[in-house]
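Residue-level structural notes
The primary structure of each chain is shown beneath.
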Amino acid sequence: AGKIFPATISYPDTQENPVPAHLVGIAPPASCRSAMSAAAFARLRPFGCSTVLRATYVDASGTLAATVGVVVLASQAAASNALSHLGPMTTGINLDAVPFSGTITNGFGNAQRAAGAIQMTDGPYLFMFSAGYTDAVPASVARSNPELVPLGSGVLSSLQSTLTNLGHPCAMKDIRC
């Protein structure tokens, strides 16, 4: 788990300053149906979406959270085709938030998701994030925060480079898909 989701990553904020994001927790692998919006699942299902690996990170202040997900598809071609079929959904909020009870993310749930995106790199993966406030601030208020997208995108970039260098996550030790 620490290989895919490192304890701390660095990402550029809106002023391009490097800032840390800290791992709060790693969720158990989930089915695609249970880890994302019904609309996103419906569009990904024909491409062999097998599982989603998710983790939640917070920014240095602890006020912003991002759940990031690695969506495992049947092949690189399937991932590419799935991304093209998602169309405008790629800039939407499609990944379910994962709060961790008893942590700073306890108030971060689906109602707080204010930013999100879907990206692809080499391999059979799509990378998704949903970001918002940790203290139950509703999405309608949180959307004005320009730091949400850099947090989510920054964590995704770190995951993309790590994961594409490690191989297929379902073949890694201690991961079952």
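Located above this text is the structure these notes cover.
Here we summarise the structure given alongside this text. (Residues numbered from 1 in each chain as written. Predicted model: local features only at pLDDT ≥ 70, side-chain atom pairs only at ≥ 80, totals over all residues. Heavy atoms only, no water.)

**Observations regarding the overall build of the protein**
- Each helix and strand counted, the protein has five helices and six strands in total.
- Taken over the C-alpha trace, the protein has a radius of gyration of 15 Å; the compact-globule value for 177 residues is 16 Å, and the two agree within 12%.
- Projecting the C-alpha coordinates of the protein onto the three principal axes gives extents of approximately 40 × 30 × 30 Å.
- Sorting the 177 residues of the protein into buried and exposed places 52% on the buried side.
- For the protein, long-range pairs separated by at least 24 residues make up 68% of all intrachain contacts whose partners lie at least 6 apart in sequence.
- Accessible surface, the protein as shown: approximately 7,700 Å² in total, 54% of it carbon and sulfur.
- The positive charge centre, built from 9 side chains, and the negative charge centre, built from 8, are 17 Å apart in the protein. (Helix = DSSP H or I, 4+ residues; strand = E, 2+ residues; numbered from the N terminus. Rg over C-alpha atoms; globule rule 2.2 N^0.38 Å. Buried < 20%, exposed > 50% of the residue type's maximum accessible area, 1.4 Å probe, protein only. Contact = heavy atoms within 4.5 Å. Areas by Shrake-Rupley, 256 points an atom, 1.4 Å probe, with all protein chains shown as cover. Lys, Arg positive; Asp, Glu negative; His and termini not counted. Charge placed at Lys NZ, Arg CZ, Asp CG, Glu CD.)

**Some thoughts on the pairing of strand S4 (residues 64-72)**
- Burial within S4 is extensive, with nine of its nine residues counted as buried.
- Residues Leu64, Ala66, Val68, Val70 and Val72 of S4 are buried on one face, and the alternating residues Ala65, Thr67, Gly69 and Val71, pointing to the opposite face, are buried as well.
- The sheet contact formed by strand S3 (residues 51-59) and S4 spans eight bridges and is antiparallel. What sits directly across from Val58, in S4, is Ala65.
- Sheet analysis places S4 next to strand S6 (residues 125-133), joined by nine bridges and oriented antiparallel. Counterpart to Ala66 in the pairing with S6 is Ala131. (Pairing = 2+ DSSP bridges.)

**Quick notes on the state of the cysteines**
- All told, the structure shown has one disulfide when counted by the stated rule.
- The partner cysteine of Cys32 in its disulfide is Cys49, sulfur to sulfur 1.8 Å. Classification of the bridge connecting Cys32 and Cys49 rests on its S-S torsion, roughly -85°, and on that basis the disulfide is left-handed. In this pair, Cys32 is assigned in helix H1 (residues 32-35) and Cys49 in the loop between helix H2 (38-44) and S3, connecting sequence segments 17 residues apart. (Disulfide = S-S within 2.5 Å.)

**Observations regarding the pairing of strand S5 (residues 115-120)**
- In this sheet, S6 lies alongside S5 in antiparallel orientation, the contact comprising six bridges. From the neighbouring strand, Met120 faces S6, where its bridge partner is Leu126.
- Linkage of S5 to S6, two consecutive antiparallel strands, is achieved through a turn of four residues, within which Gly123 is found at a positive phi near 105°.

**Examining unusual backbone geometry**
- One non-glycine residue, Glu16, lies in positive phi territory at about 65°.
- Residue position: Glu16 is located in the loop between strand S1 (8-12) and strand S2 (18-26).

**A few points about the sheet that holds S5**
- What the six strands build is an open sheet, ordered S1-S2-S3-S4-S6-S5; its pairing is antiparallel. Bordering the open sheet on either side are S1 and S5, each of which pairs with just one other strand. The sheet shows a mean angle of 30° between the axes of neighbouring strands, taken without regard to direction.
- Packing of helix H3 (residues 76-86) onto the sheet brings it into contact with S5 and S6, and relative to S5 it is tilted by some 140°. (Axes fitted to C-alpha atoms, helices over the stretch in contact; angles between N-to-C directions.)

**Observations concerning the nonpolar core**
- Core analysis: the largest hydrophobic core is formed by 30 residues, its most contacted members being Phe5, Val68 and Val155.
- Secondary structure elements with two or more residues in this core: S1, S3, S4, S5, S6, helix H4 (139-142) and helix H5 (148-166).
- Counting residues per element, this core draws most heavily on H5, at six residues.
- Residues contacting Val155, with those up to four places away along its chain left out, are Ile9, Ala21, Tyr57 and Val68.
- In terms of nonpolar packing, the next biggest core, distinct from the first, is built from 21 residues, Met36, Val71, Ala82 and Met89 among them. (Core = buried A, V, L, I, M, F, W, Y, C linked by side-chain atoms within 4.5 Å.)

**With respect to the side chain of Ser130**
- Inspection of the secondary structure assignment puts Ser130 in strand S6.
- A distance of 2.6 Å separates the side chain of Ser130 from the backbone oxygen of Leu95, its partner in a polar contact. (Polar contact = N/O pair within 3.5 Å; in protein donor to acceptor, adjacent residues only side chain to side chain.)

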